[in-house]
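# Observations on the model geometry
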Number of protein chains: 2
Amino acid sequence: MKRNTWQREAVREALGGSEGFVSAQALHSSLREQGSPIGLATVYRALSDLATEGEADSLQQEGEALYRACTPGTHHHHLICRNCGLAVEIEADAVESWAKDVAAEHGFTEASHVVDVFGYCAECSAKRA
Amino acid sequence: MKRNTWQREAVREALGGSEGFVSAQALHSSLREQGSPIGLATVYRALSDLATEGEADSLQQEGEALYRACTPGTHHHHLICRNCGLAVEIEADAVESWAKDVAAEHGFTEASHVVDVFGYCAECSAKRA
DNA sequence: ACGCCCGATGATAATGATTGTCAAAAGCGA
DNA sequence: TCGCTTTTGACAATCATTATCATCGGGCGT
Ligand SMILES: [Zn+2]
Ligand SMILES: [Zn+2]
Ligand SMILES: [Zn+2]
Ligand SMILES: [Zn+2]
């Protein structure tokens, strides 16, 4: 059976307190700065578990995995700021059905998809002007 | 100015001869098995250049970068077999405009997107039955 | 509350992909 | 061909992530 540890809860809270996607390394540093003695491997394990359980979304950017707390139980995608990491959850049934259809048309089964939109958020856009 | 070396051409040909996405490591091994003395770093550099010049597409899977020769000059996405790496180029103007619109609606600028569909191709689906 | 069992933790080493270094090799224009 | 400059490739360095494994502590039965 799965146990409840303060470490898991600390990761969950730290993730929830972030507006955007963060890396395991960054989350660990952040927790350490706040005085938590949590270990790096534990952060990796917790994030991996959260992602598996559907409580967090993950994506790969520049060779590293980024995580974000997300609305549990719903399938959705993200609009992510390249500069500050701010993420907005977006839904698009049209894209869902398109992905399913295009896979079926080519004889592919067990289709899944990766859909992420990147850009500079309004705030970051203003700063770079 | 950019120089023409047999190494660059070897990578281009090896990439073109592959039906699906391949990793830099795999492409290097493949070339070595064919007797080519090309170096690993060179394969990485060549693939990176090809991707930059738009002659190859790349994607991240399980922490490693995969490359594939693709139709130059066209923006498209891929339907990829999780088992054998077979890739089919797919186009969907609907998805393109959706991505642009959703970014604009949220005040995001310079929008780009990552859209990949994964599954098991007909052949691999049959094998696993 | 106590004790025990087993999953969880964390310091550390190991892994594996990618990149940096730099001397030697090879394009290409003159 | 000569010389300049880019490219190459063996190797080391880097970086994120995972494996190890001795130790810790959650929580169930008592
Ligand atoms: Zn989400
Ligand atoms: Zn979707
Ligand atoms: Zn392509
Ligand atoms: Zn296949």
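Residues numbered from 1 in each chain as written. Chains lettered and ligands numbered in written order. Predicted model: local features only at pLDDT ≥ 70, side-chain atom pairs only at ≥ 80, totals over all residues. Heavy atoms only, no water.

Quick look at the interface of chain B and chain A now. Between chain B and chain A, the residue contacts involve 34 residues of the former and 34 residues of the latter. Taken over both partners, the interface formed by chain B and chain A buries close to 2800 Å², and the fraction arising from carbon and sulfur atoms is 65%. For the pair chain B and chain A, the number of links is two salt bridges. With a shortest N-O distance of 3.3 Å, B:Glu110 and A:Arg128 are connected by a salt bridge. (Contact = heavy atoms within 4.5 Å. Buried area = accessible area lost by both parts, 1.4 Å probe. Salt bridge = Lys/Arg side-chain N within 4 Å of Asp/Glu carboxyl O.)

Moving on, we come to the confidence of the model for chain A. For chain A, per-residue confidence averages 93 on the pLDDT scale, and 100% of positions sit at 70 or higher. The least confident element of chain A, judged by mean pLDDT, is helix H5 (residues 122–128) of chain A at 88; the most confident is helix H3 (residues 40–52) of chain A at 96. (pLDDT = per-residue confidence, 0-100. Helix = DSSP H or I, 4+ residues; strand = E, 2+ residues; numbered from the N terminus.)

Turning our attention to the coordination of the zinc ion (ligand 3). Residue and element names in this part refer to chain B. Ligation of the zinc ion (ligand 3) by protein atoms is provided by Asp57 (OD), His76 (NE2), His78 (NE2) and Glu89 (OE), these donors lying 2.0 to 2.7 Å from the ion. Each of the four donor atoms around the zinc ion (ligand 3) contributes to a set of angles spanning 84 to 165°, which defines the coordination as irregular. Each donor residue of the zinc ion (ligand 3) lies on one chain, and together they are spaced D-x18-H-x1-H-x10-E. On the criterion of sequence distance, the pair formed by Asp57 in strand E2 (residues 56–61) and His78 in strand E4 (residues 77–81) is long-range, its members being 21 residues apart. His78 shares its class with Asp57; the two are buried. (Donors = N, O, S within 2.8 Å, 3.2 Å for Na, K, Ca; no water. Tetrahedral: all angles 85-135°; square planar, octahedral: opposite > 155°, others 65-115°. Buried < 20%, exposed > 50% of the residue type's maximum accessible area, 1.4 Å probe, protein only.)

Close contacts around DNA strand C come from 18 residues, with A:Arg3, A:Thr5, A:Thr42, A:Arg45 and B:Tyr44 the closest. A distance of 2.6 Å separates a phosphate oxygen of DNA strand C from a polar side-chain atom of A:Thr42. B:Asn4 is positioned with one of its backbone polar atoms (N or O) 2.9 Å from a phosphate oxygen of DNA strand C. When residues of the surface near DNA strand C are traced back to their parent elements, those giving at least two are helix H1 (6–16) and H3 of chain A together with helix H3 (40–52) and strand E3 (64–69) of chain B. Its residues assigned to classes, the surface near DNA strand C shows five nonpolar, six polar and seven charged. (Near = heavy atom within 4 Å. Polar contact = N/O pair within 3.5 Å; in protein donor to acceptor, adjacent residues only side chain to side chain. Nonpolar A, V, L, I, M, F, W, Y, C, P; charged D, E, K, R; others polar.)

Quick look at the coordination of the zinc ion (ligand 1) now. All names here are of chain A. Summarising the metal site, the zinc ion (ligand 1) is bound by the protein donors Asp57 (OD), His76 (NE2), His78 (NE2) and Glu89 (OE), whose distances to it range over 2.0 to 2.6 Å. One can describe the donor arrangement at the zinc ion (ligand 1) as irregular, given that its four donor atoms subtend angles of 84 to 163° at the metal. Sequence spacing of the donor residues for the zinc ion (ligand 1), all on one chain, is D-x18-H-x1-H-x10-E. For Asp57, a relative accessible area of 18% puts it in the buried group.

We now examine the relation of the copies chain B and chain A. Least-squares fitting of chain B to chain A yields an RMSD of 0.1 Å, with the superposition described by an axial translation of 0.0 Å and a rotation of 180°. Such a turn and shift between the copies fits a two-fold axis. No C-alpha of chain B approaches the rotation axis more nearly than that of B:Val115, which lies at 2.3 Å. Both copies contact each other with a shared surface, as 100% of the interface residues of chain B are interface residues in chain A too. (Least-squares fit on C-alpha atoms with pLDDT ≥ 70 in both.)

Let's shift gears to unusual backbone geometry. At A:Glu110, a position not held by glycine, the phi torsion is positive, near 50°. A relative accessible area of 48% places A:Glu110 in the partly exposed class.

With that out of the way, let us pick up the sheet that holds strand E3 (residues 64–69) of chain A. Residue and element names in this part refer to chain A. Across the sheet, which stays open at both edges, the three strands sit in the order E1-E3-E2 with antiparallel pairing between neighbours. At either margin of the open sheet sits one strand with a lone partner, and together these are strand E1 (22–23) and strand E2 (56–61). The strands touched by H1 are E1, E2 and E3; relative to E3, the strand with the most contacts, the crossing angle is about 85°. (Pairing = 2+ DSSP bridges. Axes fitted to C-alpha atoms, helices over the stretch in contact; angles between N-to-C directions.)

In the vicinity of DNA strand D there are 18 residues, among which A:Arg3, A:Tyr44, B:Arg3, B:Thr42 and B:Arg45 approach most closely. What you see for DNA strand D is that sugar and phosphate hold 64% of its atoms within 4 Å of the protein. Here a phosphate oxygen of DNA strand D sits 2.7 Å away from a polar atom, N or O, in the main chain of A:Ala65. B:Arg8 is positioned with one of its side-chain polar atoms (N or O) 3.1 Å from a phosphate oxygen of DNA strand D.

Attention now goes to the pairing of strand E4 (residues 77–81) of chain A. All names here are of chain A. The buried fraction of E4 amounts to five of the five residues, a majority that puts the element mostly inside the structure. Side-chain alternation along E4 places His77, Leu79 and Cys81 on one buried face and His78 and Ile80 on a second face that is also buried. Taken together, E4 and the strand that follows it, strand E5 (residues 87–90), pair antiparallel across an intervening segment of five residues, in which Gly85 is found at a positive phi of about 85°. By the bridge criterion, four bridges tie E4 to strand E6 (residues 109–120) in an arrangement that is parallel. Residue pairing across strands places Ile80 opposite Phe118, the latter belonging to E6.

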